[in-house]
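The lines below spell out each chain.
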Amino acid sequence: MSRRIASILCCLVIATCGTGCISSQLYNASPDQYLRPIAEPSDETVGADLAIIEFDEVGMLWEPDQVEAAVELIQERNQASERGIVLVTFTHGWMNDADPDRKAGDLQRFRDSMQRLAVELKMSGAPAPDHVVGVYIGWRGATTRFPLVKSLTFWSRKAAAERVASPQMRETLFRLTDATKMRPDSKVFLSGHSMGGMILAKAIAPVIATKVMSSRGDGVPVPVDLVLLQNPALDGLAVYQLLEFMKRNQIKVELRHEDGSVRRSVGPLIVSITSEADTATRVAYPFGQIVNNLLLPFQDSLGEGLPPQSQLANRAHGHIDFLVSHRAKAEDGKLILTGRPDAFNDTPFWIIRTDNRISADHGDIYNPRFLRLVSSIAELNDIYDTQLSTWIVRGDHDDSANITESE
């Protein structure tokens, strides 16, 4: 029986490698492929463009010209706009890539979402940006098309994602956001799903920490208006360190109006949304982490009332009660978002756990309820209001005389 099972497994591997493997490759090699118009300005929509940037298996850019083209596009749209632009980036996760021929892939879904956003901005009636630039950040999240083998690639793809959270990724995000923020009324919304959420968090966290440490006097503007992590495959220890840093420095976010008035943010700067029904990060993730971290010499205690390092390191942060700041659920057709009383996490990095009606599984981030949750969070800080800019201040800064409390 054992020989028979071994033979079946061997045939499965051969069949998978022969017919289902997805090679490491550049999908969008020419400008007409990695720069694409989405919508022309009209009575129904603002203008919109799509740019694609791809990273290889070790975290290097496949084609640096993709970044140059995206930056030039942002600069051109900024210069031509009347009310600034909104930059939206999306870093995909596991089982996806930048293949334009995948009809049900994240690239097509992201393009569709940019079309919807262009229409929403036109119809909002607010002083919103008059152009959308969407940047899709691709990497080799899929290595096989063979259905029975896809789930077995979780850990090899997680290792690849950690490599993609590279210096070239940080440089790319910096150049995109810097080009956008050269115009004060332009907005930046960064997002990532699954392992793409992990890539984004690891790449952007040092930027925010550096901004905090360089903050003097009345604070500093930040290069992003909102960072969104969707069912992210990111461990609790990395998140705890950022939360502890924010708490120790008493980080706050302010929204500053062009007339000089200031109001304290009621929403987050970073938001992570994890579904309790996400078995990939709730079940598979800790199994692999325990094996990977088996020989690490964790500290016995971080302090009274704090989880041990091993627990934080071995689990995805959205499934660790101690780190969760908010809960969201759908009930009687309504979306309910509530903060946890006396939560340890009282920082501008919100960690939200949802029920299965909002997100039914790891990849369920495009349904109307999930999208409504994201929109409601964005609305808290009016992130598309071009008359507001986002600033970080430390706890030793007192500007209470200038702040208007939000209702």
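Placed above this text is the structure.
Residues numbered from 1 in each chain as written. Predicted model: local features only at pLDDT ≥ 70, side-chain atom pairs only at ≥ 80, totals over all residues. Heavy atoms only, no water.

### A look at the overall build of the protein chain
Keep this limit in mind: Here a helix means four or more residues in a row that DSSP labels H or I, a strand means two or more in a row labelled E, and each is numbered from the N terminus. As a reference, a globule follows 2.2 Å times the number of residues to the power 0.38, and the radius of gyration itself is taken over C-alpha atoms. Accessible area is worked out with a 1.4 Å probe on protein chains only. A residue is then buried under 20% of its type maximum, exposed over 50%, and partly exposed in between. Any pair of residues with heavy atoms lying within 4.5 Å of one another is described as a contacting pair. Note that accessible areas follow from Shrake-Rupley with a 1.4 Å probe, and for residues the cover is restricted to the protein chains shown. We treat Lys and Arg as the positive residues and Asp and Glu as the negative residues; His and chain ends play no part in the count. Charged side chains are reduced to one point each, which is NZ for Lys, CZ for Arg, CG for Asp and CD for Glu.
Within the protein chain, the secondary structure is distributed over 12 helices and 14 strands. In terms of overall size, the protein chain behaves like a compact globule, its C-alpha atoms giving a radius of gyration of 22 Å where 407 residues would be expected to give roughly 22 Å. The principal-axis extents of the C-alpha atoms in the protein chain amount to approximately 80 × 55 × 45 Å. Within the protein chain, the proportion of its 407 residues that are buried is 52%. Sequence separation of 24 or more characterises 79% of the internal contacts of the protein chain that already satisfy a separation of 6 or more. Accessible surface for the protein chain amounts to roughly 18,600 Å². Of this, 54% is attributable to carbon and sulfur atoms. Charge separation in the protein chain, taken as the distance between the mean sites of 42 positive and 52 negative side-chain charges, equals 7 Å.

### Comments concerning the pattern of salt bridges
Defined as follows: What makes a salt bridge here is a side-chain nitrogen of Lys or Arg within 4 Å of a carboxyl oxygen of Asp or Glu, nothing more.
Taken as a whole and assessed by the stated rule, the structure comprises 21 salt bridges. Arg-140 is the partner of Glu-57 in a salt bridge, and the nearest nitrogen-oxygen pair spans 3.5 Å. Here Arg-140 lies in the loop between strand 4 (131-138) and helix 5 (147-150) and Glu-57 lies in the loop between strand 2 (47-54) and helix 3 (64-80), a separation of 83 residues in the sequence. Note on Arg-140: relative accessible area 22%, which makes it partly exposed. A salt bridge links Arg-102 to Asp-97; the nearest nitrogen and oxygen atoms lie 3.7 Å apart. Note on Arg-102: relative accessible area 26%, which makes it partly exposed. The class of Asp-97 is buried, set by a relative accessible area of 4%. Via salt bridges that share partners, Glu-57, Arg-140, Arg-157 and Arg-163 belong to a single interconnected network.

### Observations regarding the layout of surface pockets
Stated precisely, the cut-off is as follows: Put simply, the grid is 1 Å and covers the protein atoms alone, a cavity is a trapped set of points that fit a 1.4 Å probe, a pocket is an open set with protein on both sides within 12 Å along at least five of seven lines, and lining residues have an atom within 4 Å of a point. Grid points are joined across faces, edges and corners, and a volume is the space filled by probe spheres set on the points. All residues other than Ala, Val, Leu, Ile, Met, Phe, Trp, Tyr, Cys, Pro, Asp, Glu, Lys and Arg, Gly among them, are scored as polar; the first ten of these are nonpolar and the last four charged.
Looking at the largest pocket, its volume works out to about 770 Å³. At the level of secondary structure, the elements contributing two or more residues to the lining of the largest pocket comprise strand 3 (86-91), helix 4 (106-123), strand 5 (187-193), strand 7 (226-230) and helix 12 (368-380). Tallying contributions element by element places helix 4 first for the lining of the largest pocket, with 7 residues. The residue makeup of the lining of the largest pocket, split by class, is 18 nonpolar, 6 polar and 5 charged.

### Here we look at the sheet that holds strand 11 (residues 326-331)
Rules: Pairing between two strands requires that DSSP report at least two bridges joining them. Working convention: axes come from line fits to C-alpha atoms, limited for helices to the stretch in contact. Angles between N-to-C directions cover 0 to 180 degrees.
One open sheet accounts for 10 strands, arranged 1-2-4-3-5-7-10-13-11-12; its pairing is mixed. A strand with exactly one partner marks an edge of an open sheet, and here the two such strands are strand 1 (35-39) and strand 12 (334-339). Strand-to-strand twist across the sheet, computed as the mean angle between neighbouring axes with direction ignored, equals 20°. Against the sheet, helix 7 (residues 167-181) engages strand 2, strand 3, strand 4 and strand 5, with an angle of about 150° to strand 5. Relative to strand 5, helix 8 (residues 195-213) is tilted by about 135°, and along the sheet it contacts strand 3, strand 5, strand 7 and strand 10 (270-275).

### Considering the packing of aromatic side chains
The cut-off we apply is this: Two rings from Phe, Tyr or Trp (for Trp, the six-membered ring) form a pair when their centres sit within 6.5 Å of each other. Planes less than 30 degrees apart are called stacked, planes more than 60 degrees apart edge-to-face, and all others tilted.
Using the criterion set out here, one finds 8 aromatic pairs in the structure. Both rings, one in Tyr-240 and one in Phe-344, keep their centres 5.9 Å apart while their planes meet at 20°; by these two values the pair is stacked. Taken together, the residues span a long stretch of sequence, with Tyr-240 in helix 9 (residues 236-248) and Phe-344 in the loop between strand 12 and strand 13 (349-354) at a distance of 104 residues. Accessibility classification places Tyr-240 together with Phe-344 in one group, the buried group.

### Observations concerning helix 7
For an α-helix, the turn length of 3.6 residues means that residues three or four places apart are oriented alike. To keep it simple, the criterion reads: In this scheme, a helix's expected span is set at 1.5 Å multiplied by one less than its residue total. The directions considered for the arc run from the helix axis to the C-beta atoms.
The end-to-end C-alpha distance of helix 7 is 21 Å, a good match for the 21 Å that 15 residues give at a rise of 1.5 Å each. Among the residues of helix 7, Met-169, Thr-172, Leu-173, Leu-176, Thr-177, Ala-179 and Thr-180 are the ones counted as buried. For helix 7, the angular spread of buried residues about the axis comes to 160°, placing them on one side.

### Some remarks on the environment of Thr-172
Its place among the elements puts Thr-172 in helix 7. Along the chain, Thr-172 and Ser-156 lie 16 residues apart, while their C-alpha atoms are 24 Å from each other. Apart from the residues lying within four places of it in its own chain, the contact partners of Thr-172 are Ile-53, Phe-55, Leu-61 and Val-67.

### Thoughts on the packing of helix 6 (residues 154-164) against helix 10 (residues 279-292)
In plain terms, the rule: Relative orientations are named as follows: roughly parallel for angles under 35 degrees, roughly antiparallel for angles over 145 degrees, roughly perpendicular for angles from 65 to 115 degrees, and oblique for any other angle.
Packing of helix 6 against helix 10 leaves a shortest axis separation of 11 Å and a crossing angle of 75°. Looking at the two axes, helix 6 sits roughly perpendicular to helix 10. Residue-level contacts link Phe-154, Trp-155 and Lys-158 of helix 6 to Ala-280, Ala-284, Tyr-285, Gly-288, Gln-289 and Asn-292 of helix 10. Along the lines of polarity and charge, the residues of the contact of helix 6 with helix 10 split into 5 nonpolar, 3 polar and 1 charged.

### Here's the deal with the environment of Gln-79
Within the secondary structure, Gln-79 is located in helix 3. Distance from Gln-79 to Met-182, taken between C-alpha atoms, is 9.8 Å for residues 103 residues apart in sequence.

### Regarding the sheet that holds strand 9 (residues 262-264)
Strand order in the open sheet made by the 4 strands is 6-14-8-9, with antiparallel pairing throughout. Sheet topology places strand 6 (220-221) and strand 9 at the edges, where each strand pairs with a single neighbour. Pairing analysis gives 3 bridges linking strand 8 (residues 252-257) to strand 9, with the strands arranged antiparallel. By the bridge assignment, Arg-256 is partnered in strand 9 with Val-262.

### Observations concerning the side chain of Gln-289
The condition that has to hold: Here a polar contact is recorded for every N or O atom pair within 3.5 Å, except that within protein the pair must consist of a potential hydrogen donor and a potential acceptor, and residues adjacent in sequence are included only if both atoms are side-chain atoms.
Relative to the helices and strands, Gln-289 is located in helix 10. Given the relative accessible area of 6%, Gln-289 is considered buried. In terms of polar contacts, Gln-289 uses its side chain to reach the side chain of Lys-158, at 3.2 Å. From its side chain, Gln-289 meets the backbone oxygen of Ala-313 in a polar contact 2.9 Å long. Apart from residues lying up to four places away in sequence, Gln-289 is in contact with Trp-155, Lys-158, Asp-235, Ala-313 and Asn-314.

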